[in-house]
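Understanding the architecture of this molecule
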Amino acid sequence: MEGGIRVAVAALVALVVDYIVRRVRDGITSDESKSGYGRMDGAVNAAIDEEEGKPRNLLVKTLQDMGCQCRTNDHDHIEFKYQGEKFVADARNDNFFIGIYAYAWAGFELDDPDAEPELLKQAVNETNKKNFPTMLYTIQQEQRLMVLHSHREFYFSRDIAKPQDYLRSILDSFFYAHRGLSDEFAKLTNDREQRERTVVKGFSKDAPGLPQDAQAGDEVDK
């Protein structure tokens, strides 16, 4: 009788141990499964974050966050408007340097007497000496137009703490360049007018450099 009781007790203990082992094993499997899903979510998030952090993608996202609508043109360049002016960005995901262009932001008729293209060319050269986007001009002979463009290249990556503020400063510099060119052109125009109005006393306008009251070989203080 006692032997039968011992067998029954042993069998019961075995059942309890087996139940505990299975519960522990199921718990471990469940944790591993959850951990696997966690690792998968982390990998997906890291991949998305890495993709968004690439220069071209980051530029588009930053522009959109600034309220600028973007589109891609036939040359795979990004077109957008900022402060009412159209810009074109040449950006690639494998290059941290981005070029931004403002094409044909101003134009002047070559035959317009107030345009003074030669002074304007000089003003462009002087403005380019300063810390502004680089300006250049093209001449369209058929339309008799002189057209102005601007370009700036800059570094752009996810390492920049405030990408929106940084990009705004880049784009705002184009407008500062516009003002700088206007000021330089006004200065050159004013300087030229001052020179034209200045008549050196004792010199003839018809023969500059020769005093009216003296000729070569004349004796002074006769």
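Residues numbered from 1 in each chain as written. Predicted model: local features only at pLDDT ≥ 70, side-chain atom pairs only at ≥ 80, totals over all residues. Heavy atoms only, no water.

**Quick look at the pattern of salt bridges**
Stated precisely, the cut-off is as follows: Definition used for salt bridges: Asp or Glu carboxyl oxygen within 4 Å of a side-chain nitrogen of Lys or Arg. By the criteria applied, helices consist of DSSP H or I runs no shorter than four residues and strands consist of E runs no shorter than two, each listed in order from the N terminus. Each residue gets one of three labels from its accessible area relative to the maximum for its type: buried under 20%, exposed over 50%, partly exposed in between, using a 1.4 Å probe on protein chains only.
Applying the stated criterion to the full structure yields 12 salt bridges. Here Arg92 and Asp94 are joined by a salt bridge, their closest N and O atoms 3.2 Å apart. Of the charged contacts in the structure, one is a salt bridge between Glu116 and Arg192, with a shortest N-O distance of 2.2 Å. Taken together, the residues span a long stretch of sequence, with Glu116 in the loop between strand 4 (95-109) and helix 3 (117-127) and Arg192 in helix 4 (residues 163-197) at a distance of 76 residues. When its relative accessible area of 15% is taken as the criterion, Glu116 is described as buried.

**Side note on the sheet that holds strand 1 (residues 70-72)**
Defined as follows: In this analysis, strands are considered paired if DSSP registers two or more bridges between them. Convention adopted: a line fitted to C-alpha atoms gives each axis, helices being fitted over their contacting stretch, and angles between N-to-C directions are expressed from 0 to 180 degrees. Contact between two residues is taken to exist if any of their heavy atoms lie within 4.5 Å; hydrogens are not considered.
Read across the open sheet, the 6 strands follow the order 1-2-3-4-6-5; overall the sheet is antiparallel. A strand with exactly one partner marks an edge of an open sheet, and here the two such strands are strand 1 and strand 5 (134-140). Strand after strand, the sheet turns through a mean of 25° between neighbouring axes, direction not considered. Where strand 3 (residues 85-92) meets strand 4, 4 bridges bridge the pair, whose relative direction is antiparallel. Its bridge partner lying in strand 4, Val88 is registered against Tyr101. The strands that helix 2 (residues 55-65) touches are strand 1, strand 2 (78-82), strand 3 and strand 4; relative to strand 3, the one it contacts most, it runs at about 155°.

**With respect to the nonpolar core**
The criterion, for reference: In this description, a nonpolar core means a group of buried Ala, Val, Leu, Ile, Met, Phe, Trp, Tyr and Cys residues linked to one another through side-chain atoms lying within 4.5 Å.
In terms of nonpolar packing, the biggest core is built from 21 residues, with Leu59, Phe80, Phe87, Ile98, Ile100, Leu167 and Leu171 touching the most fellow members. When residues of this core are traced back to their parent elements, those giving at least two are helix 2, strand 2, strand 3, strand 4 and helix 4. Ranked by residues supplied to this core, first place goes to helix 4 with 4 residues. When sequence neighbours within four positions are dropped, the list of residues in contact with Ile98 reads Pro55, Leu59, Ala89, Asp90, Ala91, Arg152, Glu153, Phe154 and Phe156. Core analysis: the second largest hydrophobic core is formed by 13 residues, Leu110, Met146, Leu148 and Phe185 among them.

These values are about where atoms sit, not about what they do.
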